[in-house]
Amino acid sequence: MVKREKLSVEPYKGVRDFYPEDQFLLRYIFEHMERVCELFGYEEYGASVLEHAELYRGKTSEEIVSEQTYTFTDRGEREVTLRPEMTPTFARMIAAKAREVPLPARWYSIANVFRYERPQRGRLREHWQLNADIVGVAGVEADAEIIAMAHGIMRSLGADERNFEIRVSDRRILDAVYDSVGIESGLRSSITRLLDRRAKMDDFKEQLSAAVSNNDKAEALMEHLERTTSTAYLEELRAQLEHMGVRNMVVDTKITRGFDYYTGMIFEVYDTDENNKRSLFGGGRYDNLLALFGGGSIPAVGFGMGDVTTRDFLEAHNLLPVYAPATELMLCIVEKNALPHAMKLAQELRREDVTVAVNFSDKRVGDQIRQADKMKIPFVIAVGAQERESGRYTIKNLSSGNEITLPADRIAEHLFSSLG
Ligand code: HAM
């Protein structure tokens, strides 16, 4: 016989498998994101992970496009990219139907995105990202709404305002500083990206001087930036947010965000926990991106919130939900010939909306019950000759040990009242 190499059970580097408990947590996060977006009047949209590579070139972030995209040539010689973010897709979709979509449009999507990054804490090669964006509003009220939504999701996940901080700045502050220091426009986006990465760099000063190619200018730039503590616009934003009950916004001119398309307000939500003091997610205003599609510019603002950093946050703050499988009931089989009866009973219960699994293991009934318990299924019924004959079933609650014996048509009602 030919000796075969064993296949690896490891997933591809930097991506995850979601076992049921992981998927449960992912679903939990998604449900909170979705609910809050819908509470704000946002509608869900979706798109393929495959995009024309062209969509990203020279329009988003040099670093992401040249170093972090998964790009390949398809069999028809087209250059294809796995989306590294959702904003260009969103802008393309709005631009494609700019005349039909009633503005302002409020849309959200939870999409998987791909970036060829060095995998590390909080950074993977595939993650899920909520994107919530509003197009067609140039005023500060849209910035306030977007931030209030980000705040609402954090609150909905159980965080209180002391657990996180919303750091806000404005790209126009950077532009004004670049103007006054005299930084050429060609250098600005790479300097902005340097500033964005500053906290993670040891040689920031050297790199900045090299990028500006002038020590005095580099110093003047940092000095100007530090001197700017807020603007009238950001104070108006703060006032609106406070009016909406959001009290943990701080102005932080060190926030720059990595993408070239931002034009106004930008923000990052930070964990305040000493052990997890990092950016969790962020977004901002991009009033010129839609114009790239030729239909004129339409103002837009939104944010992207990843599942990886959200999960780390929940863990750091003890906010993880307790796993509960969707299955409410397991029918355990006392003797083999009770199986058809149990399968019929299961069908009846499903018609009444009970989620029910039949145990096919053929093990002793005690072992079947232990298995249900291990799977965290809350209720079991043992089905044997006695149940078949009497038409009455004993429902056992595995966490309390309580039992109750009922006819088939009362089971669903009992489960629903005890599951609350
Ligand atoms: P971004 O900051 O690149 O923004 O990504 C948004 C969020 O996605 C991050 O703050 C983080 O939570 C998560 N994230 C990003 N990269 C990774 C990664 N490699 N691994 C795990 N999580 C990650 C954007 O993508 C913008 N398009 C967001 C936006 C929407 N701006 C306006 N509208």
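The model shown is predicted, which means the values in this text are computed figures rather than measured ones. (Residues numbered from 1 in each chain as written. Predicted model: local features only at pLDDT ≥ 70, side-chain atom pairs only at ≥ 80, totals over all residues. Heavy atoms only, no water.)

Asker: Help me out: how do you make sense of the overall build of the protein in this one?
Answerer: Along the backbone of the protein there are 14 helices and 16 strands. Each principal axis of the C-alpha distribution contributes one length, and for the protein these read about 90 × 65 × 50 Å. Taking all 420 residues of the protein together, 47% fall into the buried category. Long-range pairs, those at least 24 residues apart, make up 69% of the contacts in the protein between residues at least 6 apart in sequence. A total of about 22000 Å² of accessible surface is found on the protein, and carbon and sulfur atoms cover 49% of it. (Helix = DSSP H or I, 4+ residues; strand = E, 2+ residues; numbered from the N terminus. Buried < 20%, exposed > 50% of the residue type's maximum accessible area, 1.4 Å probe, protein only. Contact = heavy atoms within 4.5 Å. Areas by Shrake-Rupley, 256 points an atom, 1.4 Å probe, with all protein chains shown as cover.)

Asker: Help me understand the sheet that holds strand β2 (residues 50–52), please; the structure alone is not making it clear to me.
Answerer: Strand pairing within a sheet occurs via backbone hydrogen bonds; the two strands may be parallel or antiparallel. The sheet built from three strands is open, its strands ordered β2-β4-β3 with antiparallel pairing. Either end of the sheet is taken by a strand with one partner, and the two such strands are β2 and β3 (70–73). Across this sheet, the average inter-strand angle for adjacent strands is 35°, counted without regard to direction. (Pairing = 2+ DSSP bridges. Axes fitted to C-alpha atoms, helices over the stretch in contact; angles between N-to-C directions.)

Asker: I'm lost on the site of the ligand in this one. Help?
Answerer: In the vicinity of the ligand there are 27 residues, among which E85, T87, E117, Y262 and L280 approach most closely. Here R123 contributes a side-chain N or O atom positioned 2.9 Å from a nitrogen atom of the ligand. Between the ligand and Y262 there is a distance of 2.7 Å, counted from a nitrogen atom to a side-chain nitrogen or oxygen. Relative to its unbound accessible area of 650 Å², the ligand is 96% covered by the protein chains. Among the elements of the structure, β6 (126–135), β10 (279–285), β11 (300–306) and α10 (307–316) are those that each provide at least two residues to the shell around the ligand. Here the residues of the shell around the ligand are counted per class, giving nine nonpolar, twelve polar and six charged. (Near = heavy atom within 4 Å. Polar contact = N/O pair within 3.5 Å; in protein donor to acceptor, adjacent residues only side chain to side chain. Nonpolar A, V, L, I, M, F, W, Y, C, P; charged D, E, K, R; others polar.)

Asker: For this particular structure, what's the right way to read the side chain of E328?
Answerer: Its location among the elements puts E328 in the loop between α10 and β12 (329–333). Despite its burial, E328 remains without a salt bridge, the nearest opposite charge being carried by R350 at 9.8 Å. Filtering out sequence-adjacent residues up to four positions away, E328 remains in contact with D353, V354, T355, I377, P378, F379, F416 and L419. (Lys, Arg positive; Asp, Glu negative; His and termini not counted. Salt bridge = Lys/Arg side-chain N within 4 Å of Asp/Glu carboxyl O.)

Asker: Explain the packing of helix α5 (residues 171–181) against helix α8 (residues 215–227) here, please?
Answerer: Each pair of packed helices can be summarised by the angle the axes make with each other and by the distance between the axes. Two elements in contact, α5 and α8, have axes whose closest approach is 10 Å; the angle formed by their N-to-C orientations is 140°. Between α5 and α8, the crossing angle belongs to the class labelled oblique. α5 and α8 meet at a crossing whose hand is right-handed. Between α5 and α8, the residues in contact are I173, L174, V177, Y178, S180 and V181 and K217, A220, L221, H224 and L225, respectively. Classifying every residue of the contact of α5 with α8 gives eight nonpolar, two polar and one charged. (Parallel < 35°, antiparallel > 145°, perpendicular 65-115°, else oblique. Left-handed = near helix turned anticlockwise from the far one by under 90°.)

Asker: Can you walk me through the layout of surface pockets in this structure?
Answerer: A probe as big as a water molecule, rolled over the atoms, marks out the empty space that is left. The volume enclosed by the second largest pocket comes to roughly 200 Å³. Put simply, the parts of the chain that give the lining of the second largest pocket at least two residues each are α5 and α6 (185–197). The biggest single contributor to the lining of the second largest pocket is α6, with four residues. Residues of the lining of the second largest pocket, tallied by class, amount to two nonpolar, three polar and four charged. (1 Å grid on protein atoms, 1.4 Å probe; cavity = no way out; pocket = protein on both sides within 12 Å on 5 of 7 lines; lining within 4 Å. Points joined across faces, edges and corners; volume = space filled by probe spheres on them.)

Asker: Can you walk me through the UniProt feature "domain: Aminoacyl-transfer RNA synthetases class-II family profile" (unreviewed entry) in the protein in this structure?
Answerer: Following the UniProt record, the feature "domain: Aminoacyl-transfer RNA synthetases class-II family profile" (unreviewed entry) maps to residues 25–321 here. From the first C-alpha to the last, residues 25–321 spans 7 Å; its make-up is 39% helix and 22% strand. (UniProt positions renumbered as here; feature names shortened; annotations may be inferred.)

Asker: Can you walk me through the pattern of salt bridges in this structure?
Answerer: Opposite charge on two side chains permits pairing when their charged atoms draw close. Scanning all chains against the criterion turns up 31 salt bridges. With its nearest N and O atoms 3.9 Å apart, the salt bridge here joins K376 to E21. Remark: E21 occurs in helix α1 (residues 20–39) and K376 occurs in the loop between α12 (365–374) and β14 (379–383); sequence separation between them is 355 residues. With its nearest N and O atoms 2.9 Å apart, the salt bridge here joins D74 to R78. On the basis of relative accessibility, which here comes to 48%, the residue R78 falls in the partly exposed class. Here the residues in one salt-bridge network are R27, E31 and E34, joined through shared partners.

Asker: I tried to follow the UniProt feature "binding site: L-histidine" (unreviewed entry) in the protein on my own but got confused; where do I start?
Answerer: Look at the UniProt record and you will see "binding site: L-histidine" (unreviewed entry) annotated at E85, M86, T87, R115, Q129, D133, R257, Y261 and Y262. Taking the annotated residues in turn, Y262 line the second largest pocket. By the secondary structure assignment, M86 is in the loop between β4 (79–82) and α3 (87–96). Not counting residues within four places of it along the chain, the set of residues in contact with M86 comprises Y45, A47, S109, A111, V113, Q129 and N131.

Asker: Would you take a moment to explain the nonpolar core for this structure?
Answerer: Ranked by size, the top nonpolar core spans 63 residues in total, and within it L237, F267 and F303 carry the most contacts. At ten residues, the largest contribution of residues to this core is made by helix α4 (residues 140–156). Within the second largest apolar cluster, 23 residues are counted, among which are I94, V101, L289 and A300. (Core = buried A, V, L, I, M, F, W, Y, C linked by side-chain atoms within 4.5 Å.)

Asker: Please clarify how the domain arrangement of the protein should be interpreted in this entry.
Answerer: Where the parts come together, the accessible area they lose is often given as the size of the interface. The assigned domain composition of the protein is domain 1 (20–316) and domain 2 (329–419). Each of domain 1 and domain 2 was reduced to a C-alpha centroid, and the two centroids are 50 Å apart. (Domains from an automatic or database assignment.)

Asker: I would appreciate a short explanation of the packing of aromatic side chains in the present structure.
Answerer: Pairs of aromatic rings are described using the distance from one ring centre to the other and the angle between the two planes. All chains considered together, the criterion is met by 13 aromatic pairs. With 5.0 Å between their ring centres and 80° between their planes, F24 and Y323 make a pair best called edge-to-face. Placement of the pair is F24 in helix α1 and Y323 in the loop between α10 and β12, with a sequence separation of 299 residues. Considering the side-chain rings of Y261 and Y262, the 4.9 Å spacing of their centres and the 65° angle between planes classify their relative orientation as edge-to-face. The buried category is assigned to Y261, whose relative accessible area is 5%. Site record: aromatic cluster; members linked through ring pairs are F259, Y261, Y262 and Y286. Across the ring face of Y116, the terminal group of R125 is positioned such that the distance to the ring centre comes to 3.9 Å. Sitting above the plane of the Y270 ring, R167 keeps its charged end 3.7 Å from the centroid. (Phe/Tyr/Trp six-rings, centres within 6.5 Å; stacked < 30°, edge-to-face > 60°. Lys NZ or Arg CZ within 6 Å of the ring centre and 35° of its normal.)

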